[in-house]
Amino acid sequence: MGNLIATRPPQPWTAPTASDPVAATLRLPGSKSMTARALVLSALASGPSTLAGPLRARDTELMAAGLRALGAHVSISDDDRWLVRPHPLAGPAHVDVGLAGTVMRFVPPVAGLADGRITFDGDPQARARPLGPLIGALRSLGARVDAPATGSLPLTVLGTGRMAGGEVVIDASASSQLVSGLLLAAARFDRGVVVRHVGPPVPSAPHLRMTVQMLRAAGAAVDDGTPDVWVVEPGPLTGRGWEIEPDLSGAVPFFAAAMVTGGVVTLRGWPRSSAQPVERLRSLLQRMGGEVTLSTGGLTVRGTGAVHGLTADLSDVSELTPALTALAMLADSPSQFTGIGHIRGHETDRLTALAREFTALGADITESPDGLEIRPRPLHGGVFETYHDHRMAHAAAVAGLAVPGVEVSDVSCTSKTMPEFPALWSAMVTGKS
């Protein structure tokens, strides 16, 4: 079991229970993943960029602040349109990563291009998140990095204004962000980069595809034709306008609400062609009993009155695990999720946390090294600890739709990716959305 840190504020949030099928049309904030990547690429570009529809949340504000500390001009005063003007990168500077994997893994390679001393640290739990492979890769590519022997925060990058680049071997089985962080900055390295992954499969492959797509959109030459090898040629990145899609991971609890209650939820503003794994989500929800359609009105999930168990490898969409686990708790047959051992290194050990908290509500759930087994049975109310993890709060909210008295210990942790979550959720359940 992982090392879980729980603190309980004095006033838990009672998850609303649905008395009727939900019927809601929502416009959710932008994708965290796309916003973070667009910010980094814009800070390294040769001209100004704009981000339309970005996510304003703790993680993305920390990313903007980190890049600003390195010298980029990042204006986020307009909620709907952020502006980034690149400037020479320099220290001394300190980057607060909070608990954001994107900041702790995307900004150190950028810091290698800065001239000066750049320090990184974050929330206490951030020091448990794996950075060792990234630190080793940066050193082999020419960066000076001071870090604990544990390969974790706090760390210091002693930048010289340039990175040699070249070929590097990395075990990125703990997080695809370890590869994405290197690729996003690589076009600015003297020799670009060749990243070779050696080890168990890299999780969250759609996030890597997003990185490659966005690099190409910024003008980088990227070759990902060989499995587990990514090549980025050196060259300029172009400033551009980025259209940020709604956040698919953030939408999943709302779609689960449609299935739990036999209702319908539409996410407006969904593009016909997406950089996010919408087809994979469609397949999973349909197998669990939902009807999923994409039209000019948006992406719609309709409940059929039944939720079915599911056996699935979720390694490519592990962010969906907490919400799907809550959905599986309310299904008519058992579920087994595998391929998700790496989420033990996310904001908290999500497998242990999910097993512990749902067991406390009466669930029959067993964790394995890389997954969960869920055997549905009646649940009861109780306090559901979040461990500062926004996805844990989402899971509790989904369960609370059908189980009265589920109290979320710290719903404010949802500000990490969706500060509006409690208000949006309550409005959906009460029919006031």
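Residues numbered from 1 in each chain as written. Predicted model: local features only at pLDDT ≥ 70, side-chain atom pairs only at ≥ 80, totals over all residues. Heavy atoms only, no water.

> Explain the pattern of salt bridges to me, and be specific about the residues and the numbers.
As enumerated under the stated definition, the model contains 18 salt bridges in all. K32 serves as the salt-bridge partner of D59, at 3.8 Å between the closest nitrogen and oxygen. With a gap of 27 residues between them, D59 in helix α2 (residues 58–69) and K32 in helix α1 (residues 32–43) connect regions that are remote in the sequence. Side by side, D59 and K32 carry an identical accessibility label, which is buried. Notably, a salt bridge pairs R375 with D364, separated by 2.9 Å at the nearest N-O pair. Of this pair, R375 sits in strand β21 (residues 371–375) while D364 is found in strand β20 (residues 364–368), placing the two residues 11 residues apart along the sequence. (Salt bridge = Lys/Arg side-chain N within 4 Å of Asp/Glu carboxyl O. Helix = DSSP H or I, 4+ residues; strand = E, 2+ residues; numbered from the N terminus. Buried < 20%, exposed > 50% of the residue type's maximum accessible area, 1.4 Å probe, protein only.)

> Any chance you could break down the layout of surface pockets for me, citing the residues and the numbers?
In this structure, the largest pocket spans a volume of roughly 280 Å³. Along the wall of the largest pocket there are 15 residues; nearest its centre are L28, P29, G30, G53 and P54. Here the residues of the lining of the largest pocket are counted per class, giving six nonpolar, three polar and six charged. (1 Å grid on protein atoms, 1.4 Å probe; cavity = no way out; pocket = protein on both sides within 12 Å on 5 of 7 lines; lining within 4 Å. Points joined across faces, edges and corners; volume = space filled by probe spheres on them. Nonpolar A, V, L, I, M, F, W, Y, C, P; charged D, E, K, R; others polar.)

> How would you explain the environment of W13 if you had to name every residue and give the values?
Here W13 is to be found in strand β1 (residues 13–14). Contact partners of W13, with chain neighbours within four places excluded, come to A397, V406, E407, V408, V411, P422, W425 and S426. (Contact = heavy atoms within 4.5 Å.)

> Now, about helix α12 (residues 421–430): what can you tell me, with residues and values included?
Residues F421, P422, W425, A427, M428 and V429 constitute the buried set of α12. Of the surrounding elements, those touching the buried residues of α12 are β1, β2 (23–26), α7 (248–261), β15 (264–267) and α11 (390–400). Positive backbone phi, at 80°, marks G431, one or two positions downstream of α12.

> Any chance you could break down the sheet that holds strand β5 (residues 81–85) for me, citing the residues and the numbers?
Where strands meet in a sheet, backbone hydrogen bonds hold them as pairs that are either parallel or antiparallel. Taken in spatial order, the four strands of this open sheet run β4-β5-β3-β14, and their pairing is mixed. Only two strands of the sheet have a single neighbouring strand rather than two, namely β4 (73–75) and β14 (241–243). For this sheet the average axis-to-axis angle between neighbouring strands, irrespective of direction, equals 15°. Summarising the sheet, β4 and β5 pair through three bridges and their orientation is antiparallel. Among the inter-strand pairings, H73 is bridged to a residue of β5, identified as R85. (Pairing = 2+ DSSP bridges. Axes fitted to C-alpha atoms, helices over the stretch in contact; angles between N-to-C directions.)

Remember that the coordinates give geometry; whether it matters functionally is a separate question.
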